[in-house]
Amino acid sequence: MTENVEILVQQKNYLASHETVGVQQRIDLLKKLKSYIENHEQEILDALYADFKKSHFEGYATELLVTYKEINLFIKKLKQWSRPKRVLPTLFNFPSLDYIYQQAWGQVLVIAPWNYPFQLAINPVLAAIACGNSVILKPSELTPHTAKILEQVLHAVFPKEIAYVIQGGAETSTYLLKQKWDYIFFTGSVPVGKIVAKAAAEHLTPVTLELGGKNPCIVDETANLAIAAKRIVWGKLINAGQTCIAPDYILVQKKVKEKLVKLLIQEIESSYTKHIDQSPDYPRIVNPKNFERLAKMLSNEKLLYGGQLIESELYIEPTLIDEPNLDSEAMQDEIFGPILPILSYTDFNEVEHSIQHFPHPLSLFIFSENATRAKQWMQQFEFGGGIINDTIVHFVNDRLPFGGVGNSGMGQYHGKHSFETFTRKKAVLHRKTWIDLPFRYPPYGDKLNLLKRVKSWFT
Ligand code: NAD
């Protein structure tokens, strides 16, 4: 820990000069980061595969492409975003020039999860650095190969006073959370999110919490079922269901349930064949603890498909559970694996009842050809981000803010929203001295009457 303490101190000392290093140098650092990642793509993809058999295609699409996109955007826009923005002055302060400065927070702590272990760590880090902060990153200990490569990348590209990786698990996080930070960015589970929020409160540190939840996927009787099945299976089984925004359970209109289930099974098999355990595209569960947690959800349930478990390989077959009770193991908490409960409804009250049974989710999906109804449901429910007629792809558009509400998190990021997260708006007013109207100064005498008469000028 001594080395870590020294790094924290060095980072603090570096801050003043870092902001003065200027936007152009930060852009140069981002270019260096991009080219370093490009030159080490194979190692990164191999690390992801070694951690939980994530295929190279999924690794490239969901970890590298989104990272390149974010770097390119910051390279293109950072100068424009960083400029002080002039706002209209008020008559009361005449004459003045009024600005909003974009100010880096300072020292940022990023704590990352294991499920998209590269991009969920590096994207907040690169955004924070681009904004002029310095960062300590603690990657997840559950994906050690990727954690190592993250350390290699960040230490090769940035001076350690700007970015430094500290490896470890909960104990290391606890140590880090005891320090005073200017901002904390946490991605992970709800229980640990609460620990982070409490630690941040101790120093009144602002915090972003990117958490999880039970994401409903509604399929009504008007839905295009073939498309729904394709898009649900894809969004659920990418990363073997270990995706914070994946559909957690389906709420399907009773009339179309049987047909949807048939199409879901067809779609699973056309994506991964009947021998899913042999598919090169299907990842594994990250560790034995999560494997056991998921396996427990299958006991005492009626299965419509799947259920095969190979413990030695941490393999869980894509599994459809039929009409689980809301109190069952699978419906207690976020599933975060390739298990999909299917609940049917006959009228809207049942949909409402199921969704409101759980805290606000991170995402919500509706498959319907009835646009009015779908939009009404989008409006009515509380969730982080939602899609009509698809799953998870809202993540791809960095113009959309990404984050949860209530139990699924607070704060948002991606693209310009990341810039806004990692900077603070600072008000700066430049008064002129060529005139100094005496009106505001005492003695006030009968100025009150005059003030009342010109009230509308100021309000
Ligand atoms: P986790 O909360 O177990 O761990 C996240 C990080 O916190 C890790 O770095 C871990 O070492 C650290 N940590 C663990 N215990 C800690 C403690 N007691 N004190 C301090 N730090 C601690 O989460 P996970 O298993 O890595 O990730 C899965 C969860 O993350 C799911 O709930 C998922 O929904 C959520 N998630 C959310 C998003 C999002 O963007 N909203 C993205 C990915 C994952």
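Keep in mind that this is a model prediction, so the values were computed, not measured. Residue positions are counted from 1 within each chain, in the order its sequence is given. It should be noted that, the model being predicted, local features are given only for residues of pLDDT at least 70 and side-chain atom pairs only at 80 or more, the latter also being counted only at that level, while totals for whole chains, interfaces and linings use all residues. Just so you know, side-chain values use all the structure's heavy atoms and leave hydrogens and water out.

What follows concerns the packing of helix α9 (residues 225-237) against helix α10 (residues 254-272). It is the contact of α9 with α10, at a shortest axis distance of 8 Å, that shows an interaxial angle of 55°. What the angle tells us is that α9 and α10 run oblique. The crossing of α9 and α10 is right-handed. In this structure, α9 contributes L225, A226, A228, A229, K230, I232, V233 and L237 to the contact, and α10 contributes V256, K259, L260, L263, L264, E267, I268, S271 and Y272. Here the term charged refers only to Asp, Glu, Lys and Arg, the term nonpolar to Ala, Val, Leu, Ile, Met, Phe, Trp, Tyr, Cys and Pro, and the term polar to all other amino acids, Gly among them. For the contact of α9 with α10, the class distribution of residues is 13 nonpolar, one polar and three charged. Comment: axis = line fitted to C-alpha atoms, over the contacting stretch for helices; angle = value between 0 and 180 degrees taken between N-to-C directions. Secondary structure follows DSSP: runs of H or I at least 4 residues long count as helices, runs of E at least 2 residues long count as strands, and numbering of each begins at the N terminus. Any angle that falls under 35 degrees is termed roughly parallel, while one over 145 is termed roughly antiparallel, one within 65 to 115 roughly perpendicular, and all others oblique. In this scheme, a crossing is called left-handed if the near helix is turned counterclockwise away from the far one by less than a right angle; it is called right-handed if the turn is clockwise. We call two residues in contact whenever any of their non-hydrogen atoms come within 4.5 Å of each other.

Here seven strands make up an open sheet; going across it, the order is β10-β13-β14-β9-β8-β15-β16 and the pairing mixed. Both edges of this open sheet fall to β10 (303-305) and β16 (385-388), since each of them pairs with a single strand only. Taken pair by pair, the neighbouring strands of this sheet meet at an average axis angle of 20°, ignoring direction. At least two DSSP bridges between two strands are required for those strands to pair. Inspection of the sheet shows strand β8 (residues 216-219) paired to strand β9 (residues 249-253) by four bridges, in the parallel sense. Looking at β9, one finds that P216 is bridged to Y249.

Close contacts around the ligand come from 28 residues, with A112, E141, S189, L211 and E334 the closest. At 2.6 Å from an oxygen atom of the ligand is found a side-chain nitrogen or oxygen belonging to S189. Here the Shrake-Rupley method, with its probe set to 1.4 Å, supplies the accessible areas, and only the displayed protein chains count as covering residues. Within the complex, 88% of the 840 Å² of free accessible area of the ligand lies under protein. When contributions to the shell around the ligand are tallied by element, the ones reaching two or more residues are α7 (170-178), β6 (183-187) and α8 (190-202). Per-element tally for the shell around the ligand: the top contributor is α7, with three residues. In the shell around the ligand, the residues fall into 16 nonpolar, eight polar and four charged. Domain start and end points were adopted from an automatic or database domain assignment. Viewed by domain, the shell around the ligand spans two of them, domain 1 (2-211) and domain 2 (216-403), each represented by three or more residues. Proximity is defined per residue: if any heavy atom of the residue lies within 4 Å of a molecule or strand, that residue is considered near it. Polar contacts, as used here, are pairs of N or O atoms within 3.5 Å; protein pairs need one atom able to donate a hydrogen and one able to accept it. Residues neighboring in sequence count only if both atoms are side-chain atoms.

Our next topic: the pattern of salt bridges. Each salt bridge in this description consists of a side-chain nitrogen of Lys or Arg and a carboxyl oxygen of Asp or Glu lying within 4 Å of one another. This model, assessed by the stated rule, comprises 13 salt bridges. Among the ionic pairs, E420 bridges to K416, the shortest N-O distance being 3.8 Å. Pair noted here: E420 and K416 are both in helix α14 (residues 415-421), with a separation of four residues, about one helical turn. Burial status follows relative accessibility: with a 1.4 Å probe on protein chains alone, a residue under 20% of its type maximum counts as buried, one over 50% as exposed, and anything between as partly exposed. Overall, E420 belongs to the partly exposed group, its relative accessible area being 39%. According to the relative accessible area criterion, K416 is partly exposed, its value standing at 35%. Through salt bridges that share partners, K257, K302, D322 and E323 make up one connected network.

Looking now at a positive patch on the surface. On the surface, K31, K79, R83, K85 and K425 cluster together to form a positively charged patch. Mapped onto the elements, R83 comes out in the loop between α4 (56-82) and β1 (85-87). Here the term patch refers to residues with relative accessible area over 30% and no salt bridge, with like charges joined within 9 Å and nonpolar side chains (Val, Leu, Ile, Met, Phe, Trp, Tyr) within 5 Å. In this tally, Asp and Glu contribute negative charge and Lys and Arg positive charge; neither His nor the terminal groups of the chain are included. Charged groups are reduced to one reference atom each: NZ for lysine, CZ for arginine, CG for aspartic acid, CD for glutamic acid.

What follows deals with helix α13 (residues 371-380). Where α13 is concerned, the buried positions are A374, W377 and M378. Within α13, the buried residues cover an arc of 105° as seen down the axis, which keeps them to one side. Projecting away from the buried face of α13 at angles above 90 degrees are the exposed residues T372, K375 and Q379. Structurally, α13 contributes buried residues whose contacts are with β8, β14 (339-345), α12 (348-356), β15 (363-367) and β16. Think of it as the arc spanned by the lines of direction from the helix axis to the C-beta atoms.

Next up on the list: the UniProt feature "active site" (unreviewed entry) in the protein chain. As annotated in UniProt, the feature "active site" (unreviewed entry) corresponds to E210 and C244 in the numbering used here. In terms of the greatest pairwise C-alpha distance, the residues named above, spread along 35 residues, form a tight cluster of at most 9.2 Å across. Tracing the chain through its elements places E210 in strand β7 (residues 207-210). Taking the relative accessible area as the measure of exposure, E210 reaches 3% and is therefore buried. Dropping the residues within four chain positions of it, E210 is found in contact with F185, F186, T187, G188, F402, G403, G404, S408, G411, Q412 and Y413. When you line up the elements, C244 lands in the loop between α9 and β9. The exposure class assigned to C244 is buried, which follows from its relative accessible area of 18%. In this structure C244 touches N115, L211, N215, E334, F336, L362 and F402, once residues within four positions along its chain are discounted. UniProt positions are given in the numbering used here, feature names are shortened, and annotations may be inferred rather than shown by experiment.

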